[in-house]
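Results of the structural survey
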Amino acid sequence: SDKTVKLWKVSERDKRPEGYNLKDEDGRLRDPSMITVLRVPVLRPMDLMVEATPRRVFANAHTYHINSISVNSDYETYMSADDLRINLWNFEITNQSFNIVDIKPANMEELTEVITAAEFHPHQCNTFVYSSSKGTIRLCDMRTAALCDRHAKFFEEPEDPSNRSFFSEIISSISDVKFSHSGRYIMTRDYLTVKVWDLNMENRPIETYQVHDYLRSKLCSLYENDCIFDKFECVWNGSDSVIMTGSYNNFFRMFDRNTKRDVTLEASRENSKPRAILKPRKVCVGGKRRKDEISVDSLDFSKKILHTAWHPSENIIAVAATNNLYIFQDKVN
Amino acid sequence: MFVRGLKRKCFDGEEDIEGTLAGIKAVPSYNLQRQSLLDMSLVKLQLCHMLVEPNLCRSVLIANTVRQIQEEMTQDGTWQMINAQNTGQASLDRLVSTDILCRSSRDQAEGKHVPAYGTFNKDFESDQAQDGSETMSTASSVQAPRNLQSNMWEEMENPQENKGNFQKSLDQIFETLENKSPNSVEDLFSEVDNSYYDLDTMLTGMMSNTKMGHCDSLETFSSPTNTASNSNCKSDLNDLDHIVEILVES
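Residues numbered from 1 in each chain as written. Chains lettered and ligands numbered in written order. Predicted model: local features only at pLDDT ≥ 70, side-chain atom pairs only at ≥ 80, totals over all residues. Heavy atoms only, no water.

A short note on the pairing of strand β23 (residues 324-329) of chain A
Residues and elements named next belong to chain A. The condition is simple: Only when DSSP finds a minimum of two bridges between them are two strands counted as paired. Secondary structure elements are taken from DSSP: a helix is a run of H or I of four residues or more, a strand is a run of E of two residues or more, and numbering for both begins at the N terminus.
Sheet analysis places strand β22 (residues 316-321) next to β23, joined by six bridges and oriented antiparallel. Within β23, the residue paired with isoleucine 316 across the bridge is glutamine 329. If you look at the hairpin formed by β22 and β23, you'll find two residues sitting between the two strands, and threonine 322 has a positive phi there, around 50°.

This is the structure we're talking about:
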């Protein structure tokens, strides 16, 4: 369910034991009185299988839907965040958690902002950030208080008055926040952009990347069909030089922070064969559409890439597109 | 009150829509747009309320949007202009409002419409006369979010801010509506099938089957009622009349 946290052990199995004494190969129990010979079971190879077994269940600490889980750098604790609260857990203790952030107002009618994502600092086990539906990020230090209602830093970009509309707040809502591997930057994803923030500068991001700005003129329709509430994730590559996030039509985007180049790729079986190099895609925003371009009106908004991941050290990425998981890697020469 | 019974197209980015709005003023006013957005938002909030596991973030964002619209309308004095005028004339404007709702901002940028706060006042004054008739529906709907919010967020017993008898009457209306059997609520959603859950399924179906610029699923959704759209509008209007009567009496 959306309010329980489970810890799973994921393991690979490529051998299985054969030759049990008390049960036959189908698993049926043998009659002990019929056994005349004892043997030692042996391990024989089998097809590789990945299995996940639940090892811990952390329940009953959340009233609202959990939006984030983040493991602390101490590997002993982790936090889970829902719309209004963030709880700190110890892996070994499943029936108790510490509440470290609580933004629930006394009168729920006064609720105007919720927590949307949270993450621990990659090295400092007392520091974490959480983002809100109003486009703000708060950095908190657990050493200052048990209940981190007061932030150590508050990141917010001033609103651009020329772009103001009734949808401004909705599209500023942050759907994901991620520390860089270095711990010096945070990246946030809102509906139309990805922003990189320097922890030392709270008043505006240092970089802003447009994911699909052509949707800015469609916000009304996207509000109507609820796509404007889609929550996209964003990820850093291992060296923090490239950032990636998903979009619609099974597209995902990568931005190189150094060269300032960006690319749009597609995760789709119809449009690329396995092991083939992905062809960059382009969305045509008006005027004449070139041969390989896709017009904004042809985009399929039911094909959204919300979840992406980047291997911490290799150039291997995972992209979730509807019911399929795609794994891509750098071309191997 | 809810103009969802009609065939709608999302016109973002489409080149030319004037031809399809024959007989209706081709340039929609900012007030109409705003009203449509308000209506749509209220419907969304209502539906949130009906879900077993409502998405709090989404509800908060929609409620904030409604509040923004409401505040802006309060500043213009729009929502205070309640009058007992027959809604018949307003109906055509209202029916069209969702058609023009999704104007592209290309049009907006070209100055045909003025969605941004900064340039709003200019258009408002010129449209005030025309839009007066629609304000009562605005008035009846702006107060809805407070009640919806409180119900949705499980704080039903808390008294709401008192904006006078008007607020109370509206609360009573919505409470009554909620307490009635599904059939009477469905009168408001007159184009919808016979249960909450069908509406929900339909809308969920809409969400998972969307294509920009065509709103195919929306058209499918409303097409069985096309021939009956007039009577649906009438029942909408009857409800609106009823609500207005109550407001005026208070």
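Structure's up, so let's keep going.
Thoughts on the packing of helix α1 (residues 30-50) of chain B against helix α2 (residues 56-76) of chain B
Residues and elements named next belong to chain B. As a reminder of what qualifies: Note on definitions: angles span 0 to 180 degrees between N-to-C directions of axes, and those axes are lines fitted to C-alpha atoms, for helices only across the stretch in contact. The handedness criterion is simple: a crossing whose near helix is rotated anticlockwise from the far helix by less than a right angle is left-handed, and one whose near helix is rotated clockwise is right-handed. By the convention used here, residues are in contact when the closest approach between their heavy atoms is within 4.5 Å.
Contact pair α1 / α2: the axes reach a minimum separation of 9 Å and the direction vectors enclose 145°. Crossing of α1 against α2: the hand is left-handed. Together, Tyr30, Arg34, Gln35, Leu37, Leu38, Ser41, Leu42, Lys44, Leu45 and Cys48 of α1 and Arg58, Ser59, Ile62, Ala63, Thr65, Val66, Ile69, Glu72, Met73 and Asp76 of α2 make up the contact between the two elements.

Observations concerning α1 of chain B
Applicable threshold: To estimate the expected span of a helix, subtract one from its residue number and multiply by 1.5 Å. Relative accessibility decides the category of a residue: with a 1.4 Å probe and only protein chains considered, values under 20% of the type maximum give buried, values over 50% give exposed, and everything between is partly exposed.
Taking 1.5 Å per residue as the helical rise, α1 of chain B with its 21 residues ought to reach 30 Å, and the 31 Å between its terminal C-alpha atoms agrees with that figure. For α1 of chain B, the tally of buried residues reaches 20 of 21 residues, placing the bulk of the element in the interior.

Brief notes about the environment of threonine 112 of chain A
With respect to the helices, strands and loops of the structure, threonine 112 of chain A is situated in the loop between β6 (93-102) and β7 (115-120). On the basis of relative accessibility, which here comes to 23%, the residue threonine 112 of chain A falls in the partly exposed class. Linking threonine 112 of chain A and lysine 134 of chain A, residues 22 residues apart in sequence, is a C-alpha distance of 8.6 Å. Those residues within four positions of threonine 112 of chain A in sequence are excluded, and the remaining contacts are Ser133, Lys134 and Glu169 of chain A together with Val60, Asn64 and Arg67 of chain B.

Structural notes on the packing of aromatic side chains
In plain terms, the rule: Whether two aromatic rings pair depends on their centres lying within 6.5 Å, for rings of Phe, Tyr and Trp, where Trp uses its six-membered ring; planes under 30 degrees apart make the pair stacked, over 60 edge-to-face, and the rest tilted. Here, a charge over a ring is recorded when the distance from Lys NZ or Arg CZ to the ring centre is within 6 Å and its angle to the ring normal is within 35 degrees.
Tallying each qualifying case throughout the model produces 16 aromatic pairs over all chains. Consider the rings of phenylalanine 166 of chain A and tyrosine 30 of chain B, whose centres lie 6.3 Å apart with planes at 15°: the pair is stacked. A residue pair is termed interchain when its members come from two chains, as with phenylalanine 166 of chain A in the loop between β10 (153-155) and α1 (168-172) and tyrosine 30 of chain B in helix α1. Judged by relative accessible area, phenylalanine 166 of chain A falls into the buried class, the value being 6%. Ring centres of tyrosine 223 of chain A and phenylalanine 229 of chain A lie 5.9 Å apart, and the angle between their planes is 50°; on these two criteria the pair is classed as tilted. The exposure class of phenylalanine 229 of chain A is buried, given its relative accessible area of 12%. Of the aromatic side chains, those joined through ring pairs into one cluster are Phe58, Tyr78, Trp89 and Phe91 of chain A. The ring of tyrosine 223 of chain A has lysine 44 of chain B sitting right over it, with the charged end atom 5.3 Å from the ring centre.

Some words on the nonpolar core
Applied cut-off: Think of a nonpolar core as a cluster: buried Ala, Val, Leu, Ile, Met, Phe, Trp, Tyr and Cys residues, connected wherever their side-chain atoms sit within 4.5 Å.
By size, the foremost hydrophobic cluster in this structure holds 43 residues, and its most contacted members are Tyr191, Leu215, Leu222, Tyr223, Ile228 and Leu299 of chain A. Elements with a contribution of two residues or more to this core: α1 and α2 (219-224) of chain A together with α1 and α2 of chain B. Among the elements that line this core, the one with the most residues is α2 of chain B, at nine residues. If we skip the residues at most four places from it in the chain, isoleucine 228 of chain A touches Phe167, Ile170, Ile171, Tyr191, Leu219, Leu222 and Tyr223 of chain A. Counting residues in each nonpolar core, the second largest holds 15 residues, with Met244, Met254, Leu265 and Val319 of chain A among its members.

Examining the sheet that holds strand β13 (residues 193-198) of chain A
All names here are of chain A. A sheet is described by the order of its strands in space; here four strands give the open sequence β11-β12-β13-β14, paired in antiparallel fashion. Only two strands of the sheet have a single neighbouring strand rather than two, namely β11 (176-179) and β14 (207-210). The mean inter-strand angle of the sheet, taken between neighbouring strand axes irrespective of direction, is 15°. Here strand β12 (residues 185-189) pairs with β13 via five bridges, running antiparallel. Of the residues in β13, the one forming a bridge with threonine 188 is lysine 195.

Without other data, these values stay purely geometric and don't point to any function.
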